Amino acid sequence: MNKNDGIRVNVKHIVEEGLPITGNLPPSIFDIGESDRLDSPNPLAYDLVASLTAHDILVRGTLRTTLRCRCDRCLRYFDHLVENSDVCLFYEEVTDDFLDLTEDVREEILLGFPQKCLCVPDCRGLCPECGHNLNVRHCHCPAPVGAPSAFDKLDGLDL
Ligand SMILES: [Zn+2]
Ligand SMILES: [Zn+2]
């Protein structure tokens, strides 16, 4: 990562009312590796305020980015907003002239990355038999063994 891509705060610039720190970090900050199911093509937007009490620095605010996800069930691609509006970083006894927030800010947003990627919470996924997207409509494949459904009974009828 380029050194200029981080968030470095000049401690002397932090005034009593708080110093606004806003901007974007490039997508390379996430460094989450190659993944089919999760990509981070967008910058990390930060909107923070740093305040100083004695030698302690408090940084609060909001972080936001939009991920490109692939649904674990139906394999559809969708955008997923990750927002942490409750950022609260505390630095005790800061004696350096500059404070580097980059790594902490990165960790704060990574906490909000989804463990599961679902396009909608109750995505029905794909039929394991024919691959049809069951969110669109039902297919007529028999339900997999161990998961009986109302369709089994209909299929069993000899009409
Ligand atoms: Zn889905
Ligand atoms: Zn099917």
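Anything mentioned here points back to the structure above.
Here we summarise the structure given alongside this text. (Residues numbered from 1 in each chain as written. Chains lettered and ligands numbered in written order. Predicted model: local features only at pLDDT ≥ 70, side-chain atom pairs only at ≥ 80, totals over all residues. Heavy atoms only, no water.)

Once that is clear, we can look at the coordination of the zinc ion (ligand 1). Around the zinc ion (ligand 1), the protein supplies Cys71 (SG), Cys74 (SG), Cys119 (SG) and Cys123 (SG) as donor atoms, at distances of 2.3 to 2.4 Å. In this structure, the zinc ion (ligand 1) is coordinated by four donor atoms arranged in tetrahedral fashion, with angles at the metal of 108 to 113°. Considered as a linear motif, the donors of the zinc ion (ligand 1) on their single chain read C-x2-C-x44-C-x3-C. Here Cys74, found in the loop between β5 (56-70) and β6 (77-91), pairs with Cys123, found in the loop between α1 (102-110) and α2 (150-156); they are 49 residues apart in sequence, far enough to count as distant. The pair formed by Cys74 and Cys123 is uniform in burial state, with each residue classed as buried. (Donors = N, O, S within 2.8 Å, 3.2 Å for Na, K, Ca; no water. Tetrahedral: all angles 85-135°; square planar, octahedral: opposite > 155°, others 65-115°. Helix = DSSP H or I, 4+ residues; strand = E, 2+ residues; numbered from the N terminus. Buried < 20%, exposed > 50% of the residue type's maximum accessible area, 1.4 Å probe, protein only.)

Bringing the environment of Thr102 into the picture now. Along the chain, Thr102 turns up in helix α1. Separated by 96 residues in sequence, Thr102 and Gly6 have C-alpha atoms that sit 5.1 Å apart. A polar side-chain atom of Thr102 sits 2.5 Å from a polar atom in the side chain of Asp100. (Polar contact = N/O pair within 3.5 Å; in protein donor to acceptor, adjacent residues only side chain to side chain.)

This paragraph deals with the side chain of Thr62. The topology assignment puts Thr62 in strand β5. Those residues in contact with Thr62 that lie beyond four places of it in its chain are Ala45, Tyr46, Asp47, Leu48, Glu83, Asn84 and Ser85. (Contact = heavy atoms within 4.5 Å.)

With that out of the way, let us pick up the nonpolar core. Note that soluble globular proteins tend to have their nonpolar side chains buried in a common cluster. Core analysis: the biggest nonpolar cluster contains 34 residues, and Leu48, Ile57, Leu101 and Val105 have the highest contact counts within it. Breaking this core down by element, the ones donating at least two residues are β2 (19-25), β4 (44-53), β5, β6 and α1. Among residues more than four places away in sequence, those in contact with Leu101 are Ile7, Val9, Ile21, Leu48, Val59 and Tyr91. (Core = buried A, V, L, I, M, F, W, Y, C linked by side-chain atoms within 4.5 Å.)

All right, on to the coordination of the zinc ion (ligand 2) then. Distances from the zinc ion (ligand 2) to its protein donors, Cys127 (SG), Cys130 (SG), Cys139 (SG) and Cys141 (SG), fall within 2.3 Å. Geometry at the zinc ion (ligand 2) is tetrahedral, judged from its four donor atoms and the angles of 100 to 115° they form at the metal. Counting the intervening residues between successive donors of the zinc ion (ligand 2) yields the motif C-x2-C-x8-C-x1-C. Residue Cys127 is found in the loop between α1 and α2, and its partner Cys139 is found in the loop between α1 and α2; the two are separated by twelve residues along the sequence. Each member of the pair, Cys127 together with Cys139, is buried.

What follows deals with the packing of aromatic side chains. The relation between two aromatic rings is expressed through the spacing of the ring centres and the mutual angle of the planes. Within the structure shown, the criterion is met by one aromatic pair. Measuring from centroid to centroid gives 5.5 Å for Phe30 and Phe113, while their planes differ by 45°, and the two rings are tilted. Taken as a pair, Phe30 in the loop between β2 and β3 (38-39) and Phe113 in the loop between α1 and α2 lie far apart in primary sequence, 83 residues in all. The pair formed by Phe30 and Phe113 is uniform in burial state, with each residue classed as buried. The cationic tip of Arg8 hangs over the ring face of Phe98; the distance from NZ or CZ to the ring centre is 4.7 Å. (Phe/Tyr/Trp six-rings, centres within 6.5 Å; stacked < 30°, edge-to-face > 60°. Lys NZ or Arg CZ within 6 Å of the ring centre and 35° of its normal.)

Taken as a whole, α1 has its buried residues at Thr102, Val105, Arg106, Glu108 and Ile109. End-on view of α1: buried residues confined to an arc of 160°, all on one side of the axis. Contacts made by the buried residues of α1 are with β2, β4, β5, β6 and β7 (98-100). (Arc of directions from axis to C-beta.)

Turning our eyes to something else, we now look at the environment of Asp5. Relative to the helices and strands, Asp5 resides in the segment before β1 (8-10). Along the chain, Asp5 and Ile29 lie 24 residues apart, while their C-alpha atoms are 8.1 Å from each other. In this view, Asp5 contacts Leu25 and Pro26; residues no more than four positions away in its chain are not counted.

Structural measurements only, silent on function.
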